[in-house]
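# Observations on chain architecture
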Amino acid sequence: MLIHSTCVPLPIENVDTDQIIPARFLKATSKAGFGQNLFRDWRYLADGQTPNPDFVLNNPTYGGQILVAGKNFGCGSSREHAAWSIADYGFKVVVSSFFADIFKDNALNNGLLPLKVEEAFLQQLLGRIFEQPQTVVTVDLESQTLRVEGSDWKTHFDINPYKKLCLLNGYDDIDYLRSKQADIEAFERKQYRYFLASA
(Lines give C-alpha, C1' and ligand atoms only; values in the text may rest on other atoms or scores of the structure.)
Protein backbone atom coordinates (compact mmCIF):
# COMPACT_ATOMS: atom_id res chain seq x y z
CA MET A 1 0.00 0.00 0.00
CA LEU A 2 1.67 3.16 -1.24
CA ILE A 3 -0.45 6.31 -1.29
CA HIS A 4 0.94 9.42 -2.97
CA SER A 5 -1.70 12.14 -2.72
CA THR A 6 -2.77 15.65 -1.82
CA CYS A 7 -4.83 15.96 1.37
CA VAL A 8 -8.15 17.22 2.67
CA PRO A 9 -7.78 19.12 5.98
CA LEU A 10 -10.45 18.74 8.66
CA PRO A 11 -8.97 20.42 11.77
CA ILE A 12 -11.92 19.60 14.03
CA GLU A 13 -11.41 17.68 17.28
CA ASN A 14 -13.77 15.02 18.66
CA VAL A 15 -15.43 14.21 15.35
CA ASP A 16 -17.89 11.48 16.29
CA THR A 17 -19.40 8.76 14.15
CA ASP A 18 -22.80 10.50 14.00
CA GLN A 19 -21.09 13.46 12.33
CA ILE A 20 -19.22 11.15 9.98
CA ILE A 21 -22.42 9.35 8.93
CA PRO A 22 -25.72 10.45 10.55
CA ALA A 23 -27.89 7.68 12.00
CA ARG A 24 -30.74 8.23 9.53
CA PHE A 25 -28.53 6.85 6.74
CA LEU A 26 -27.74 3.52 8.42
CA LYS A 27 -30.61 1.53 6.94
CA ALA A 28 -28.64 -0.06 4.09
CA THR A 29 -26.55 -3.18 4.66
CA SER A 30 -24.34 -2.87 1.58
CA LYS A 31 -21.20 -0.75 1.89
CA ALA A 32 -21.78 0.88 -1.49
CA GLY A 33 -23.17 4.41 -1.61
CA PHE A 34 -22.37 5.50 1.92
CA GLY A 35 -19.81 8.02 0.67
CA GLN A 36 -22.53 10.29 -0.71
CA ASN A 37 -23.69 10.94 2.87
CA LEU A 38 -20.26 11.35 4.46
CA PHE A 39 -20.42 14.37 6.81
CA ARG A 40 -23.91 14.97 5.42
CA ASP A 41 -25.00 17.53 8.01
CA TRP A 42 -21.82 19.54 7.53
CA ARG A 43 -21.73 19.27 3.73
CA TYR A 44 -25.22 20.71 3.25
CA LEU A 45 -27.15 23.67 4.57
CA ALA A 46 -30.34 23.36 6.63
CA ASP A 47 -32.45 22.50 3.58
CA GLY A 48 -30.40 19.32 3.16
CA GLN A 49 -29.84 20.01 -0.55
CA THR A 50 -27.67 23.10 -0.88
CA PRO A 51 -23.93 22.43 -0.51
CA ASN A 52 -22.37 24.33 2.38
CA PRO A 53 -19.68 26.50 0.74
CA ASP A 54 -17.77 26.71 4.02
CA PHE A 55 -17.27 22.96 4.40
CA VAL A 56 -13.97 21.58 3.14
CA LEU A 57 -15.41 18.74 1.02
CA ASN A 58 -17.21 21.38 -1.03
CA ASN A 59 -14.04 23.40 -1.54
CA PRO A 60 -12.37 22.53 -4.87
CA THR A 61 -9.08 23.82 -3.47
CA TYR A 62 -8.67 20.57 -1.55
CA GLY A 63 -8.86 16.96 -2.66
CA GLY A 64 -7.09 13.64 -2.51
CA GLN A 65 -7.12 10.26 -0.85
CA ILE A 66 -5.84 11.41 2.54
CA LEU A 67 -8.08 13.03 5.18
CA VAL A 68 -6.13 14.93 7.83
CA ALA A 69 -8.34 15.32 10.89
CA GLY A 70 -8.19 16.72 14.40
CA LYS A 71 -7.58 14.77 17.62
CA ASN A 72 -9.98 12.05 18.81
CA PHE A 73 -11.40 11.18 15.43
CA GLY A 74 -14.17 8.58 15.25
CA CYS A 75 -15.41 8.81 18.82
CA GLY A 76 -19.02 8.08 19.75
CA SER A 77 -20.99 5.02 18.68
CA SER A 78 -19.43 1.86 17.30
CA ARG A 79 -21.14 2.00 13.88
CA GLU A 80 -18.98 0.39 11.23
CA HIS A 81 -20.78 2.54 8.66
CA ALA A 82 -18.47 5.44 9.58
CA ALA A 83 -15.50 3.59 8.10
CA TRP A 84 -17.65 2.47 5.16
CA SER A 85 -18.60 6.04 4.30
CA ILE A 86 -15.05 7.38 4.47
CA ALA A 87 -13.71 4.57 2.30
CA ASP A 88 -16.63 4.77 -0.15
CA TYR A 89 -16.03 8.50 -0.58
CA GLY A 90 -12.53 7.68 -1.79
CA PHE A 91 -10.25 8.21 1.18
CA LYS A 92 -7.56 5.58 1.74
CA VAL A 93 -5.95 7.12 4.83
CA VAL A 94 -7.12 9.19 7.79
CA VAL A 95 -4.39 11.00 9.72
CA SER A 96 -5.00 12.11 13.32
CA SER A 97 -3.18 12.32 16.64
CA PHE A 98 -5.75 10.03 18.31
CA PHE A 99 -8.43 7.61 17.13
CA ALA A 100 -11.26 6.04 19.09
CA ASP A 101 -10.40 2.34 19.45
CA ILE A 102 -13.56 0.92 17.87
CA PHE A 103 -13.36 3.27 14.89
CA LYS A 104 -9.70 2.34 14.45
CA ASP A 105 -10.56 -1.38 14.33
CA ASN A 106 -13.50 -0.79 11.99
CA ALA A 107 -11.30 1.24 9.66
CA LEU A 108 -8.60 -1.42 9.52
CA ASN A 109 -11.22 -4.10 8.87
CA ASN A 110 -12.48 -2.14 5.87
CA GLY A 111 -9.24 -1.31 4.10
CA LEU A 112 -8.94 2.20 5.55
CA LEU A 113 -5.66 3.13 7.26
CA PRO A 114 -6.04 5.16 10.49
CA LEU A 115 -2.58 6.71 10.74
CA LYS A 116 -1.68 8.12 14.15
CA VAL A 117 0.94 10.88 14.42
CA GLU A 118 2.15 13.13 17.21
CA GLU A 119 -0.03 16.19 17.88
CA ALA A 120 2.79 18.59 17.01
CA PHE A 121 3.34 16.86 13.66
CA LEU A 122 -0.40 16.91 12.96
CA GLN A 123 -0.61 20.65 13.53
CA GLN A 124 2.41 21.26 11.32
CA LEU A 125 0.88 19.14 8.58
CA LEU A 126 -2.48 20.91 8.77
CA GLY A 127 -0.74 24.28 8.63
CA ARG A 128 1.24 23.21 5.58
CA ILE A 129 -1.88 21.98 3.77
CA PHE A 130 -3.74 25.23 4.40
CA GLU A 131 -0.76 27.29 3.20
CA GLN A 132 -0.01 25.02 0.25
CA PRO A 133 -3.09 23.00 -0.77
CA GLN A 134 -1.13 21.13 -3.43
CA THR A 135 1.15 19.61 -0.78
CA VAL A 136 1.67 15.95 -1.57
CA VAL A 137 2.00 13.35 1.18
CA THR A 138 3.36 9.85 0.67
CA VAL A 139 2.16 7.09 2.97
CA ASP A 140 4.20 3.89 2.71
CA LEU A 141 2.56 1.09 4.66
CA GLU A 142 5.41 -1.33 4.00
CA SER A 143 7.95 0.92 5.77
CA GLN A 144 5.27 2.46 8.04
CA THR A 145 6.25 6.01 7.15
CA LEU A 146 4.50 9.23 6.23
CA ARG A 147 6.53 11.75 4.27
CA VAL A 148 5.64 15.29 3.21
CA GLU A 149 7.04 15.79 -0.27
CA GLY A 150 9.16 18.88 -0.82
CA SER A 151 10.25 18.97 2.81
CA ASP A 152 12.25 16.99 5.34
CA TRP A 153 9.10 16.14 7.32
CA LYS A 154 8.83 12.44 7.90
CA THR A 155 7.34 10.31 10.66
CA HIS A 156 6.97 6.64 11.52
CA PHE A 157 3.64 5.13 12.53
CA ASP A 158 2.69 1.94 14.34
CA ILE A 159 0.24 -0.68 13.14
CA ASN A 160 -0.76 -4.15 14.27
CA PRO A 161 1.33 -6.61 12.20
CA TYR A 162 -1.70 -8.75 11.32
CA LYS A 163 -3.71 -5.73 10.17
CA LYS A 164 -0.71 -4.52 8.17
CA LEU A 165 -0.54 -7.89 6.40
CA CYS A 166 -4.24 -7.73 5.61
CA LEU A 167 -4.04 -4.17 4.25
CA LEU A 168 -1.00 -4.97 2.11
CA ASN A 169 -2.81 -7.96 0.57
CA GLY A 170 -6.34 -6.55 0.45
CA TYR A 171 -7.53 -9.22 2.90
CA ASP A 172 -10.41 -9.23 5.32
CA ASP A 173 -10.37 -11.85 8.08
CA ILE A 174 -12.00 -14.48 5.85
CA ASP A 175 -9.59 -13.80 3.00
CA TYR A 176 -6.70 -14.28 5.42
CA LEU A 177 -8.02 -17.68 6.48
CA ARG A 178 -8.45 -18.66 2.84
CA SER A 179 -4.84 -17.68 2.17
CA LYS A 180 -3.84 -20.25 4.80
CA GLN A 181 -6.03 -23.01 3.38
CA ALA A 182 -3.12 -25.17 2.19
CA ASP A 183 -1.43 -24.95 5.60
CA ILE A 184 -4.71 -25.73 7.39
CA GLU A 185 -5.36 -28.76 5.17
CA ALA A 186 -1.80 -30.01 5.68
CA PHE A 187 -2.23 -29.69 9.45
CA GLU A 188 -5.54 -31.56 9.30
CA ARG A 189 -3.95 -34.41 7.32
CA LYS A 190 -1.08 -34.61 9.80
CA GLN A 191 -3.50 -34.73 12.72
CA TYR A 192 -5.56 -37.42 10.99
CA ARG A 193 -2.46 -39.58 10.34
CA TYR A 194 -1.45 -39.16 13.98
CA PHE A 195 -4.93 -40.22 15.06
CA LEU A 196 -4.82 -43.36 12.86
CA ALA A 197 -1.34 -44.29 14.13
CA SER A 198 -2.37 -43.98 17.76
CA ALA A 199 -5.76 -45.70 17.40
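Residues numbered from 1 in each chain as written. Predicted model: local features only at pLDDT ≥ 70, side-chain atom pairs only at ≥ 80, totals over all residues. Heavy atoms only, no water.

This part covers the overall build of the protein. For the protein, the count of helices and strands is eight helices and eight strands. Classification of the 199 residues of the protein by burial places 41% in the buried group. Across the protein, the fraction of contacts at a sequence separation of at least 24, relative to all contacts at a separation of at least 6, is 63%. For the protein, the computed accessible surface area is about 10,900 Å², with 50% contributed by carbon and sulfur atoms. (Helix = DSSP H or I, 4+ residues; strand = E, 2+ residues; numbered from the N terminus. Buried < 20%, exposed > 50% of the residue type's maximum accessible area, 1.4 Å probe, protein only. Contact = heavy atoms within 4.5 Å. Areas by Shrake-Rupley, 256 points an atom, 1.4 Å probe, with all protein chains shown as cover.)

This brings us to the sheet that holds strand β4 (residues 93-96). Spatial ordering of the open sheet is given by β2-β3-β4-β5, a layout of four strands whose pairing is parallel. Among the strands making up the open sheet, the edge pair consists of β2 (7-10) and β5 (113-116). Direction aside, neighbouring strands of the sheet carry axes that sit 20° apart on average. Relative to β4, strand β3 (residues 66-69) runs parallel, the two sharing three bridges. (Pairing = 2+ DSSP bridges. Axes fitted to C-alpha atoms, helices over the stretch in contact; angles between N-to-C directions.)

On to the side chain of Asn37, then. On the secondary structure map, Asn37 appears in the loop between α1 (17-20) and α2 (40-43). Once you skip the residues sitting within four places of it in the chain, Asn37 turns out to touch Ile20, Ile21, Pro22, Phe25 and Arg43.

Another aspect to go through is the environment of Asn169. On the secondary structure map, Asn169 appears in helix α6 (residues 161-169). For the pair formed by Asn169 and Met1, sequence separation is 168 residues and the distance between their alpha carbons is 8.5 Å.

Once that is clear, we can look at the environment of Thr6. Along the chain, Thr6 turns up in the loop between β1 (2-5) and β2. Thr6 has contacts with Gly63, Gly64, Gln65, Ile66, Pro133, Gln134, Thr135 and Val136, leaving out every residue within four places of it along the chain. Side-chain polar atoms of Thr6 contact the backbone oxygen of Gly63, separated by 2.6 Å. (Polar contact = N/O pair within 3.5 Å; in protein donor to acceptor, adjacent residues only side chain to side chain.)

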